[in-house]
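Tertiary structure, described
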Amino acid sequence: GVSLYGNRNGVTNCEVHDIGRAGMGVGGGDRRTLAPAGHVIVGNDISFVEQWKRTYAPGLLLFGCGTRIERNHFHDMLSSAMRLEGNDFFVASNLVEDVVLESDDQGGIDIYYNPSYAGILIAWNVFRDIGTPPEEDDFCTCGQAAVRFDGNVSNMAVWSNRFERCGRHGFGCVQINGG
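Below or above, wherever it landed, is the structure these notes cover.

Reading the values: rules and limits
Residues numbered from 1 in each chain as written. Predicted model: local features only at pLDDT ≥ 70, side-chain atom pairs only at ≥ 80, totals over all residues. Heavy atoms only, no water. Pairing = 2+ DSSP bridges. Helix = DSSP H or I, 4+ residues; strand = E, 2+ residues; numbered from the N terminus. Axes fitted to C-alpha atoms, helices over the stretch in contact; angles between N-to-C directions. Phe/Tyr/Trp six-rings, centres within 6.5 Å; stacked < 30°, edge-to-face > 60°. Buried < 20%, exposed > 50% of the residue type's maximum accessible area, 1.4 Å probe, protein only.

**Quick look at the sheet that holds strand S6 (residues 45-47)**
The strand order across the open sheet built from six strands is S3-S6-S9-S12-S15-S18, with neighbouring strands paired in parallel fashion. Among the strands making up the open sheet, the edge pair consists of strand S3 (15-17) and strand S18 (162-164). Geometrically, the sheet is characterised by an average inter-axis angle of 5° between neighbouring strands, direction not taken into account. Where S3 and S6 come together, three bridges link them in parallel fashion.

Encoded structure:
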């Protein structure tokens, strides 16, 4: 996969596929002072990650502060397309489809358990076919969502997105667990 750290770097117009673990690991900026990394992740096609590590190894693992994720295509993943851990991320105009195919209690975009994460904007994305259809599923007991805020996550915005066939097994398209 791709590892990107520091500040003001980018991954643009790349194909990342058939990876054993996470497709991209990206970090930067300073959460303590909210200084942005200035990274851009734009125009990439990310698919078929998590071939060996089947959960918690998303297409994009992003942490830190101040990164843009725009016009990417995330598809065909066993668990989350993106795991966001930090502040002031802009997630816009991405296509996320056929993800969370083999995971439970997960989201296409998953943000977990840190009340200091804030300022994430998720806008103008298309989410399609998120989760395992009930007729093909014998393990899902919690749920699968397009966007999941889990465990005290607050101060986020989800607007002007399109959701098609998302939200399974008790979760809606957007699932908020606390926060």
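**Details of the pairing of strand S5 (residues 39-42)**
Sheet topology note: the strand S2 (residues 10-12)/S5 ladder contains three bridges and is parallel. Opposite Val11, over in S5, you have Ile41 as the bridge partner. Sheet topology note: the S5/strand S8 (residues 67-70) ladder contains four bridges and is parallel. What sits directly across from Ile41, in S8, is Ile69.

**Here we look at the packing of aromatic side chains**
The full count for this structure, using the stated rule, is five aromatic pairs. A centroid spacing of 5.9 Å and a plane angle of 45° characterise the contact between Tyr5 and Phe63, whose relative ring orientation is tilted. Of the two residues, Tyr5 sits in the loop between strand S1 (2-4) and S2 while Phe63 sits in strand S7 (residues 60-65), which places them 58 residues apart along the sequence. Under the relative-accessibility criterion, Tyr5 is labelled partly exposed at 47%. On the basis of relative accessibility, which here comes to 30%, the residue Phe63 falls in the partly exposed class. Taken together, a centroid distance of 5.3 Å and an interplanar angle of 10° make the contact between Phe127 and Phe163 stacked. Taken together, the positions of Phe127 in strand S15 (residues 126-128) and Phe163 in strand S18 put the pair 36 residues apart, joining distant regions of the chain. An aromatic cluster is built from Phe90, Trp124 and Trp159, whose rings are joined through pairwise contacts.

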